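Architecture at a glance
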Amino acid sequence: RRMIWFDLDLSATPYKTLKYHERAVRSCRYHGRYPLMASASDDGAVHVFHSMVYNDLMRNPLIIPVKILRGHTINPKTKLGVLSVTFHPTQPWIFTAGADGRIFLFQDI
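Reading guide: rules and limits
- Residues numbered from 1 in each chain as written.
- Predicted model: local features only at pLDDT ≥ 70, side-chain atom pairs only at ≥ 80, totals over all residues.
- Heavy atoms only, no water.
- Helix = DSSP H or I, 4+ residues; strand = E, 2+ residues; numbered from the N terminus.
- Buried < 20%, exposed > 50% of the residue type's maximum accessible area, 1.4 Å probe, protein only.
- pLDDT = per-residue confidence, 0-100.
- Patch = residues over 30% accessible without salt bridge, like charges linked within 9 Å, V, L, I, M, F, W, Y side chains within 5 Å.
- Areas by Shrake-Rupley, 256 points an atom, 1.4 Å probe, with all protein chains shown as cover.
- Salt bridge = Lys/Arg side-chain N within 4 Å of Asp/Glu carboxyl O.
- Pairing = 2+ DSSP bridges.
- Axes fitted to C-alpha atoms, helices over the stretch in contact; angles between N-to-C directions.
- Phe/Tyr/Trp six-rings, centres within 6.5 Å; stacked < 30°, edge-to-face > 60°.

**Details of unusual backbone geometry**
Where the residue is not glycine, phi is negative for most of them; where a peptide bond is considered, it is trans in most cases. The phi torsion at K79 lies on the positive side, around 60°, for a residue other than glycine. Inspection of the secondary structure puts K79 in the loop between β6 (62-70) and β7 (82-87). Judged by relative accessible area, K79 falls into the partly exposed class, the value being 45%.

Spelled out as structure tokens, the structure:
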């Protein structure tokens, strides 16, 4: 249901708790080139965030919700939704895999 953001340079306690999903979070990924983060959940949604960490320790990390991606259906037997999310290595594209047996490519983020 929630993701926890840690800034280990400052403290071992969580910096921010992100409560955007209605059910369990199954996967979370960061893009290697762009300041993007995505989380996949059993509620069938993928949340995309603009997330940036600064080199200056006096500035707090920036986390802004950008978009909610839907398309997967929740498996009625297992109650599972989106199982995995990953980014394309060079483009701002998202691939998702769901318990409904489908894989999606979201390229218009």
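**Focus: the confidence of the model for the chain**
Model confidence for the chain is summarised by a mean pLDDT of 90, while 100% of its residues fall at 70 or above. Element-level mean pLDDT values for the chain span from 80 in strand β1 (residues 3-6) up to 97 in strand β8 (residues 94-98).

**Concerning a nonpolar patch on the surface**
Taken together, I4, F6 and L8 make up a surface patch of nonpolar side chains, about 320 Å² in accessible area. Summarising the element assignment, L8 is placed in the loop between β1 and β2 (14-18).

**Observations regarding the sheet that holds β7**
With antiparallel pairing, the three strands of this open sheet are ordered in space as β7-β8-β9. Strands at the two margins of the open sheet, each flanked by one partner only, are β7 and β9 (103-106). Geometrically, the sheet is characterised by an average inter-axis angle of 20° between neighbouring strands, direction not taken into account. With five bridges joining them, β7 and β8 adopt antiparallel strand pairing. Counted as the bridge partner of V85 is T96 from β8.

**Focus: the sheet that holds strand β5 (residues 45-52)**
Spatially, the four strands line up as an open sheet ordered β3-β4-β5-β6, and their pairing is antiparallel. Each edge of the open sheet carries a strand with a single partner, namely β3 (25-30) and β6. Each strand axis lies, on average, 20° off the axis of its neighbour in the sheet, ignoring direction. As judged from the five bridges shared by β3 and strand β4 (residues 36-41), these two strands associate in the antiparallel manner. Counterpart to Y30 in the pairing with β4 is M37.

**What to know about the packing of aromatic side chains**
Going through the model one piece at a time under the given rule, you end up with two aromatic pairs. Ring geometry for F104 versus F106: centroids 5.9 Å apart, planes at 50°, classification tilted. Residue classification places F104 among the partly exposed positions, given a relative accessible area of 23%.

**Some points on the pattern of salt bridges**
Scanning all chains against the criterion turns up two salt bridges. The salt bridge partner of R26 is D42, with a shortest N-O separation of 2.9 Å. Of this pair, R26 sits in strand β3 while D42 sits in the loop between β4 and β5, and the two are 16 residues apart along the sequence. Judged by relative accessible area, which is 4%, D42 ranks as buried. For the salt bridge of D100 with R102, the shortest nitrogen-to-oxygen distance reads 3.1 Å.

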